[in-house]
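Structural characterization, general
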Amino acid sequence: MTTGSGTSPQSGAPMRVRFAPSPTGALHVGTVRTALYDWILARKTGGRFILRIEDTDQERFVPEAEQIIFESLRWIGLDWDEGPGVGGPHAPYVQTQRRELYQAAARRLIESGAAYECDCSPERLEEVRKKQEALKLAPGYDGKCRRRDPAELAESRRQGRPVVVRMKLPPAGDVSFVDLVRGKVTFSWATMSDFVILKSDGLPTYHLAVVVDDHDMKITHVLRGEEWIASTPRHVLIHEKLGYQMPVMVHLPLLLAPDRSKLSKRHGATSVNEFRDAGFLPEAMFNFLALMGWSPGDDREVMTRQEIVDAFSLDRIKDSPAIFDRTKLEWMNGVYIRQLTPRQLAERLIPFLEQSPGGLPPSVPRPLDIGYLEKSVPLVQDRLKTLRDAADLIDFLYAPEIRPEPAEVVQKGMTVATTASSLGRSLQVLREAEPFEHPVLDARHRALAEELGLKTGQLFGALRVAITGKKVAPPLFETMEVLGRKLCVERVERAIDALGRSEARA
RNA sequence: GCCCCGGUGGUGCAGCGGUUAGCACGUCAGCCCUUCAAGCUGAAGAUCAGGGGUUCGAAUCCCCUCCGGGGUACCA
């Protein structure tokens, strides 16, 4: 390390970190931010980045979600060293395939007296909660089954009544743990109650599963969103009772919407897939997300993946929430778009231009000619915030004909007649210019404007509308060069015709 | 309600005991100029949430208040 900025106390030893999403749908940008930090840390320390699927919630399980997770991670460039698809020494990496481990752990906890079985009905639980609410007490399980008769439990089971396993909380006192971002955090056991670790369907809750798996997979650092900080005491308890050592805890600041509430659907796009489809570049997304909750300590913002890995350190993660500013993301995406070569940009643009709604009109034949596109790209490269912006900016290059509005062709201080005659003179230039390249076209038209006593803006403006059909378009003569002599002549002729017809009507 | 974590220009971030409070996005203006961008210059914009302390000195440390967020499930 030559910069020194990236050397944090913990950057030396290889870290084993895991990203453990639930397959419940698309990957939220906040979740991906966590994955990003995991990946960076693993790469930085020569450690391992482990992917684990936490599918213990059968209710919320979405079958396609697993594929979406893989795709999203691959899209943004996070490759995993252990996990689904690649295997590893702690396989399987899908929690529903590991249930024996959790059940064994639950059994050990019951045997040691740290946990107990509970057959309280949902109705009773609801009743207890209501009573507590009425008395303004903290809601929570009252511990009735702590002293449940084993025979009664067995009877419940025989009758098919649901039985869960609950962790027994210490009667009083505080729990503390060290969080790398927030320092020492303390909770009182009184604010919690005996929580479920094994559900009646035999699957573990998050609390048990995470502890068992992180220990089994030898995870050294746990990175997760701040919403987990309040349940960390539960994890401390389970670790303790199982005789496991706690990994280093790192609770990342939440990602908020501009209105400072939790980033959700109503704020627009929230999943990486949506950003990908909206035309954001993965490298821009990587860079932007890395800065959501972390900064290098100097004023750098636009950084390559390698620069981020080099500069990253856990002690520079901030403790206040990060707000997702889409405008700034768009700016950064534009920066990355401008860094591409025309060829690279053309290649990335093709899927966006070829897609049916949002791309070029269906009348434009697919597949697109990459050569023509590559020539067109420099015309709009500086003007793109997202890849999806391109279609609207270059559609006129693909239109079979342009039907300009006569009123828009005529520039300020000109009439239909003077405009038509000026375009007629331009036509000569277009027919004769040799070679048909922008420096020549530019020089000839400047001379023409002077000869006609027009401002360049007047002549060029009229031509722009004739050639592109738009008042706002890329630089005129570069555009003409891409379009070629034949099309330019046709379009200017057509504009003159249109002017003639409008005059006749008037 | 209770518990935990936050609060620096409009926005995102840096600064964490002594700075004219720094950078970026956005906004506005100028330059460039054929429009729009991009680029370059410059400007406006902050009682560092408020109030008390501690200190020679506080955005930085402590306390209170207010505001925001998170948690409080057989969801993760």
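On a predicted model such as this, the values are computed, not experimentally measured, just so you know. (Residues numbered from 1 in each chain as written. Chains lettered and ligands numbered in written order. Predicted model: local features only at pLDDT ≥ 70, side-chain atom pairs only at ≥ 80, totals over all residues. Heavy atoms only, no water.)

Bringing the pattern of salt bridges into the picture now. Under the criterion given, the structure shown has 36 salt bridges. Across the pair D213 and R98 runs a salt bridge, and its minimum N-O distance is 2.8 Å. Remark: R98 occurs in the loop between α2 (65-76) and α3 (99-111) and D213 occurs in helix α6 (residues 206-216); sequence separation between them is 115 residues. Here D213 falls in the buried class, since its relative accessible area comes to 0%. Its relative accessible area of 2% is what places R98 among the buried residues. Notably, a salt bridge pairs D298 with R300, separated by 3.1 Å at the nearest N-O pair. Using a relative accessible area of 35% as the deciding quantity, one classes D298 as partly exposed. (Salt bridge = Lys/Arg side-chain N within 4 Å of Asp/Glu carboxyl O. Helix = DSSP H or I, 4+ residues; strand = E, 2+ residues; numbered from the N terminus. Buried < 20%, exposed > 50% of the residue type's maximum accessible area, 1.4 Å probe, protein only.)

What follows concerns the confidence of the model for chain A. Mean pLDDT over chain A works out to 91, with 98% of the residues at or above the 70 mark. Below pLDDT 50 for its whole length, residues 1-10 participates in 21 contacts with residues either more than four positions away or in separate chains. (pLDDT = per-residue confidence, 0-100. Contact = heavy atoms within 4.5 Å.)

We now examine the sheet that holds strand β3 (residues 115-118). The antiparallel open sheet is built from three strands, whose spatial order is β3-β4-β7. Two strands in the sheet have a free side with no partner beyond their single neighbour: β3 and β7 (196-198). When strand polarity is set aside, the average angle formed by the axes of neighbouring strands in this sheet is 45°. Where strand β4 (residues 164-167) meets β7, two bridges bridge the pair, whose relative direction is antiparallel. In the sheet register, R166 faces β7, and the bridge partner there is V196. (Pairing = 2+ DSSP bridges. Axes fitted to C-alpha atoms, helices over the stretch in contact; angles between N-to-C directions.)

Time to look at the packing of helix α18 (residues 456-468) against helix α19 (residues 476-483). Running from N to C, α18 and α19 point in directions that differ by 35°, and their axes come no closer than 10 Å. When you trace α18 past α19, the crossing you get is left-handed. Mapping the contact onto sequence places F460, L463, R464, I467 and T468 in α18 and L476, F477, T479, M480 and L483 in α19. Split into classes, the residues belonging to the contact of α18 with α19 amount to seven nonpolar, two polar and one charged. (Left-handed = near helix turned anticlockwise from the far one by under 90°. Nonpolar A, V, L, I, M, F, W, Y, C, P; charged D, E, K, R; others polar.)

Okay, helix α4 (residues 122-134) next. Along its 13 residues, α4 runs 18 Å from first to last C-alpha, staying within 8% of the 18 Å computed at 1.5 Å per residue. At the C-terminal side of α4, K136 shows a positive phi close to 55°. (Expected span 1.5 Å × (residues − 1).)

Membership of the largest hydrophobic core comes to 115 residues, with the highest contact counts inside it found for M285, L289, F324 and M480. Sorting elements by how many residues they give to this core places helix α1 (residues 29-45) first, with nine residues. Leaving out residues up to four positions away in the same chain, L289 has contacts with V29, V32, R33, L36, Y37, I76 and F324. (Core = buried A, V, L, I, M, F, W, Y, C linked by side-chain atoms within 4.5 Å.)

Next up on the list: the side chain of T386. Looking at the secondary structure, you find T386 in the loop between α13 (370-380) and α14 (390-398). Exposure remark for T386: the relative accessible area of 6% places this residue in the buried category. There is a polar contact of 3.5 Å between the side chain of T386 and the backbone oxygen of A278. Among all residues touching T386, those that are not within four sequence positions of it are A278, G279, F280, N333 and I337. (Polar contact = N/O pair within 3.5 Å; in protein donor to acceptor, adjacent residues only side chain to side chain.)

Moving on, we get to the packing of helix α9 (residues 282-290) against helix α11 (residues 326-339). Between α9 and α11, the least distance of the axes is 9 Å, while the angle of their chain directions is 135°. One way to sum up the angle between α9 and α11 is to call them oblique. In terms of crossing hand, the pair formed by α9 and α11 is right-handed. In this structure, α9 contributes E283, A284, M285, N287 and F288 to the contact, and α11 contributes K328, L329, M332, N333 and Y336. For the contact of α9 with α11, the residue count by class is six nonpolar, two polar and two charged. (Parallel < 35°, antiparallel > 145°, perpendicular 65-115°, else oblique.)

Before going further, it helps to examine the protein's contact with RNA strand B. Around RNA strand B, a shell composed of 60 residues is seen, among which I323, R383, R446, R464 and A473 lie nearest. Restricting attention to atoms of RNA strand B within 4 Å of the protein, one finds that 74% of them are sugar or phosphate atoms. Here a sugar or linking oxygen of RNA strand B and a side-chain polar atom of E54 are 3.1 Å apart. Within the side chain of D57, an N or O atom sits 2.5 Å from a sugar or linking oxygen of RNA strand B. Mapped by element, the contributors of at least two residues to the surface near RNA strand B are β4, β6 (183-188), β11 (322-323), α11, α18 and α19. Counted by class, the surface near RNA strand B contains 25 nonpolar, 12 polar and 23 charged residues. (Near = heavy atom within 4 Å.)

This part is about α9. The buried count for α9 comes to eight of nine residues, which makes it a mostly enclosed element. Taken together, the buried positions of α9 are P282, A284, M285, F286, N287, F288, L289 and A290. Looking at the buried side of α9, the elements it contacts are α1, α2, α8 (272-277), α10 (305-311), α11 and α12 (342-354).

Time to look at the domain arrangement of chain A. On domain assignment, one finds that chain A holds domain 1 (10-95 + 255-323), domain 2 (98-252), domain 3 (340-398) and domain 4 (406-505). If you average the C-alpha positions of domain 2 and of domain 4, the two centres end up 76 Å apart. (Domains from an automatic or database assignment.)

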